[in-house]
Amino acid sequence: MPTGVQGLRGSGEFSTDFRPTNYRELFTLLEPNGSAPFNALLAMTSGEATDDPLYNHFRDEIPERVVKINNAGGYNATATSVVIDADVEVGFLTAGTLLANARTGEIMRITSDASGTTLAVARNLGSTGLTILDNDDLFVSGFAAADGDDVSTAISFDPSVVSNYTEIFRTPFAVTNTLKATYRRTGDAEDEYATKALKLHMQEIERAMFFGRKHIENSGAYNERRYTGGILSSITNVVDGATWSTSGQMTEDEFDSMLINTIFAFGSQQKLAFVGAKVAAHLQRFGKARWQPTVVDGTYGVNVTRYSTMAGDLMVHLHPQFRQVPNMDSAMVIIDMPHVKYRYLEGRDTQLLRDRQGNGVDGVIHEYLSDCGLELTQDKVHTYIKGWMTTA
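In short, a report on the structure. From a predicted model like this one, the values you see are computed outputs, not experimental measurements. (Residues numbered from 1 in each chain as written. Predicted model: local features only at pLDDT ≥ 70, side-chain atom pairs only at ≥ 80, totals over all residues. Heavy atoms only, no water.)

### Observations concerning the packing of aromatic side chains
One pair of aromatic rings is described through two measures. These are the centre distance and the angle between the planes. What counts is decided by this rule: A pair of aromatic rings is counted whenever rings of Phe, Tyr or Trp (Trp by its six-membered ring) have centres within 6.5 Å, and the orientation is called stacked for planes under 30 degrees apart, edge-to-face for over 60 and tilted otherwise. A ring has a charge above it when a Lys NZ or an Arg CZ is no more than 6 Å from the ring centre and no more than 35 degrees off the ring normal.
Scanning the model with the defined rule gives 11 aromatic pairs in all. A connected cluster of aromatic rings, assembled from ring pairs, spans F38, F210, F211, F274 and F322. Over the face of the ring belonging to Y165 we find K214, whose NZ or CZ atom lies 5.6 Å from the ring centre. Geometry around Y55 places R343 over its ring, the cationic atom sitting 4.9 Å from the centre.

In structure tokens, the structure reads:
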């Protein structure tokens, strides 16, 4: 049996003795394919409490260590001083570091620690006559020390600190005592309103998880208002269909290339893809041609279709809210689930607070309250494709 989405806890199926521990899990159990499928799946991951509405994490990655030549005339085969574009990774170019020219295969050695844009190099190691052109890419290909050398210059790199806020979501609903006492063929009014309010509450959180922007008002005051940053404003891996050679059009070959070079370049070999109606149609067209889309088990009832490709597996779900939000019908949001996390303020995960009305109110007012946010532990593993209007 195919496994479900990576990052979910447990077997991916509700057991007969499953008992929801919070209202998010209850929502997943009752309406897995409702208006908040991302939140439904997040509820079945290992969410983490925070004791501060501002939460931080460290994000780290191995540097690429690639530099580019900056000299219109290039260099002949014997030049030992070359200029590169300004690059923050120049500190990794210490004496003894080997550079390879991606175009010619020439190997050169850094002869003194680099500190600016001019590199001192020993050229054509193991070759002869290879020249350098402007904009040639040079990448670190190793290190060569001489017998008896002293230790080389130490290098290091620090992680970056990324933060986000929890946001307070509140969805009240009210029922008068008269309505509570009235017989209704549609059932108990309070139960009906509670169910509808929970759906609205989860829908608002779902939209914030996608479209929210990190912000704070009245910082430092007693009445701070915080906004959680959603996934679309937090990732840098954005592909805009307006920039394609034919605006809005991506061919099957181009999509294959994107799968290899962008979508699955970092992170897991299985990713969740929330798509709009147009993109779902494109994928279905590709699938009929050569893929074998299969329905996936182990996703706690959320309908997911697997598209297996040579680059990795896309677990696709047609997001119902992408039908409602303008311009999202032509979008695909690809999420690497092991690298996202639901965060909530300690003791303030989604809950139903009863009897919020004043003493003189002839009725009841209840509300759902969540103080929560999204955490992306990595950035490049996620992708946002927008404006995919047609295929060819």
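### A few points about the nonpolar core
When a protein is soluble and globular, its nonpolar side chains tend to lie buried together. The cut-off we apply is this: The criterion is simple. A nonpolar core is a set of buried Ala, Val, Leu, Ile, Met, Phe, Trp, Tyr and Cys residues joined through side-chain atoms within 4.5 Å. Exposure categories follow from relative accessible area, calculated using a 1.4 Å probe and restricted to protein chains: below 20% of the type maximum is buried, above 50% is exposed, and the middle band is partly exposed. Only runs of H or I of at least four residues qualify as helices and only runs of E of at least two qualify as strands under DSSP, and these elements are numbered from the N terminus. By definition, residues are in contact when any of their heavy atoms lie within 4.5 Å.
Of all hydrophobic cores here, the largest spans 39 residues; its most connected members are F38, I231, V333 and I335. Taken together, the elements giving at least two residues each to this core come down to α2 (37-42), β10 (167-176), α4 (189-211), α5 (231-234), β14 (270-275), β18 (332-335), β19 (340-345) and β21 (363-376). Per element, the largest residue contribution to this core is eight residues, and it comes from α4. Ignoring anything within four residues of it in the chain, the contact list for F38 reads E206, M209, F210, F274, I335, M337, V340 and L374. Counting 22 residues, the second largest nonpolar core, distinct from the first, contains I263, V275, A280 and I385.

### A word on α4
As a reminder of what qualifies: How far a helix is expected to stretch is found by multiplying one less than its residue total by 1.5 Å. Pairs of N or O atoms within 3.5 Å make up the polar contacts considered here, provided that, within protein, one atom can donate a hydrogen while the other can accept it, and that residues adjacent in sequence are counted only when both atoms are side-chain atoms.
Here α4 is 23 residues long and its end C-alpha atoms lie 32 Å apart, about the 33 Å a rise of 1.5 Å per residue gives. Two or three places before E190, at the start of α4, stands the capping residue D188, its side-chain oxygen 3.1 Å from that residue's backbone nitrogen.

### Describing unusual backbone geometry
A positive phi angle, near 70 degrees, is found at N135, a position not held by glycine. Looking at the element boundaries, N135 is found in the loop between β7 (118-122) and β8 (137-143). Note on N135: relative accessible area 44%, which makes it partly exposed.

### Notes on the layout of surface pockets
The following threshold applies: Buriedness of a pocket was judged along seven lines, with at least five required to meet protein on both sides within 12 Å; pockets are open sets of points on a 1 Å grid over the protein atoms alone, cavities are sets where a 1.4 Å probe fits but cannot get out, and lining residues have an atom within 4 Å of a point. Grid points are joined across faces, edges and corners, and a volume is the space filled by probe spheres set on the points. Gly counts as polar in this scheme, as do all residues outside two lists: the nonpolar Ala, Val, Leu, Ile, Met, Phe, Trp, Tyr, Cys and Pro, and the charged Asp, Glu, Lys and Arg.
Quantified by volume, the largest pocket comes out at close to 350 Å³. What lines the largest pocket is a set of 16 residues, and nearest its centre among them are R59, D60, E61, P63 and K380. For the lining of the largest pocket, the per-class residue count stands at six nonpolar, two polar and eight charged. Computed from the structure, the second largest pocket encloses a volume of approximately 260 Å³.

### Comments concerning the side chain of S370
Within the secondary structure layout, S370 lies in strand β21. A relative accessible area of 0% means that S370 is categorised as buried. Separated by 2.7 Å, the side chains of S370 and H201 make a polar contact. In this structure the side chain of S370 is engaged in a polar contact, spanning 2.5 Å, whose partner is the side chain of T350. Those residues in contact with S370 that lie beyond four places of it in its chain are E167, I168, F169, H201, I205, R348 and T350.

### Details of the pairing of β18
Under the convention used in this document: Only when DSSP finds a minimum of two bridges between them are two strands counted as paired.
Here β18 shows a buried face lined by M332 and I334 and a second buried face lined by V333 and I335. Relative to β18, β14 runs antiparallel, the two sharing four bridges. Bridging across to β18, V275 finds its partner in M332. Note: β18 against strand β22 (residues 383-386), three bridges, orientation antiparallel. Paired with I334 across the strands is T383, a residue of β22.

### Topic: the sheet that holds strand β6 (residues 107-110)
Under the convention used in this document: Here the axes come from fitting lines to C-alpha atoms, over the contacting stretch only for helices, and the angles between their N-to-C directions go from 0 to 180 degrees.
Ordered by their spatial adjacency, six strands build an open sheet running β3-β8-β5-β6-β7-β4, and the pairing between neighbours is antiparallel. What marks the edges here is a single partner per strand, and that holds for β3 (66-68) and β4 (81-83). Taking each pair of neighbouring strands and ignoring which way they run, the sheet shows an average axis angle of 40 degrees.

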